[in-house]
Amino acid sequence: MKVLLDFLPILLFFVAYKLQGIYVGTAVLMAATVVQMAIIYAIDKKLTTMHKATLALILIFGALTLSLQDDRFIKWKPTVLYAAMALALAVALWAFRKNFLKMMLGSQLSLPDPVWHRLTVAWVLYCLFMAALNGYIAAYFSTDAWANFKLWGYVFPVAFILGQGLYVARHLSDDTAEVETPPGGST
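What you see is a predicted model; the values in this text were computed from it and never measured.

A word on the packing of helix α2 (residues 22-44) against helix α3 (residues 49-68)
Thought 1: For the pair α2 and α3, interaxial distance at closest approach is 10 Å and the crossing angle is 160°. Taken together, the axis directions place α2 and α3 in an arrangement best described as roughly antiparallel. Here α2 and α3 pass one another in a crossing that is left-handed. Every residue of α3 that contacts α2 at Y23, T26, A27, L29, M30, T33, V34, M37 and I40 is listed here: H51, L55, I58, L59, G62, A63, T65 and L66.
Thought 2: Looking at the contact of α2 with α3 residue by residue, the class counts come to 12 nonpolar, 5 polar and no charged.

Written as structure tokens, this is what we have:
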């Protein structure tokens, strides 16, 4: 359900774009994201910083796209979001010695600090890759190609998250095996 909820605004944008163009697609994306965030808030009773940033950027860049009738704003929104995420994670990790991923997910996942560090570095690199990829497509390809990338490019985050899950699972199973072994004996 959560994956569908995350994918729905992009899917609705794509359909509206194909049927009515970039400006209707942008308005649909804005409305769908507001509804998406309302549903998330109703379920979780809160919005994460990432949710708030995504909503703000979609509304700001969408409003600029619609009011100025310039599709460059909505096309560059993902680049700005990914770059901001990479910058925030990198500055927190290397300048302030804080691991945002561990701070956000540490109560749900028990992982050694080096694993948290590698996960954060992976997220920084992934976000930089996605920012650069979206920026390249937004700058050098047509709006139609960019819209197609927004839909079919969803394979990148899905593959990245699956890879992260496999990496984390390997470390979780090690912890579980240690917990299941009786002290001072073998099973």
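Remarks on helix α4 (residues 72-95)
Side chains that are three or four residues apart share a direction in an α-helix, a result of its 3.6 residues per turn.
Thought 1: When the terminal C-alpha atoms of α4 are compared, their 33 Å separation across 24 residues agrees well with the 34 Å that a helix rising 1.5 Å per residue should span.
Thought 2: At P78, α4 is bent by approximately 25°, the largest bend along its length.
Thought 3: Phi turns positive one or two residues past the end of α4, at R97, with a value near 55°.

Remarks on the pattern of salt bridges
Thought 1: Following the criterion strictly, the structure yields 3 salt bridges and no others.
Thought 2: Residues D144 and K18 are paired through a salt bridge, measuring 2.8 Å at the closest nitrogen-oxygen approach. Here D144 is found in helix α7 (residues 143-152), whereas its partner K18 is found in helix α1 (residues 2-20), with 126 residues between them in sequence.
Thought 3: Residue D144 is classed as partly exposed on the basis of its relative accessible area, which comes to 34%.
Thought 4: Since its relative accessible area comes to 39%, K18 is described here as partly exposed.
Thought 5: The shortest N-O distance in the salt bridge between D70 and R72 comes to 2.5 Å.
Thought 6: By relative accessible area, which is 16% here, D70 ends up buried.

Criteria and thresholds
Residues numbered from 1 in each chain as written. Predicted model: local features only at pLDDT ≥ 70, side-chain atom pairs only at ≥ 80, totals over all residues. Heavy atoms only, no water. Axes fitted to C-alpha atoms, helices over the stretch in contact; angles between N-to-C directions. Helix = DSSP H or I, 4+ residues; strand = E, 2+ residues; numbered from the N terminus. Parallel < 35°, antiparallel > 145°, perpendicular 65-115°, else oblique. Left-handed = near helix turned anticlockwise from the far one by under 90°. Contact = heavy atoms within 4.5 Å. Nonpolar A, V, L, I, M, F, W, Y, C, P; charged D, E, K, R; others polar. Expected span 1.5 Å × (residues − 1). Bend = angle between axes of the 7 residues up to and from the residue. Salt bridge = Lys/Arg side-chain N within 4 Å of Asp/Glu carboxyl O. Buried < 20%, exposed > 50% of the residue type's maximum accessible area, 1.4 Å probe, protein only.

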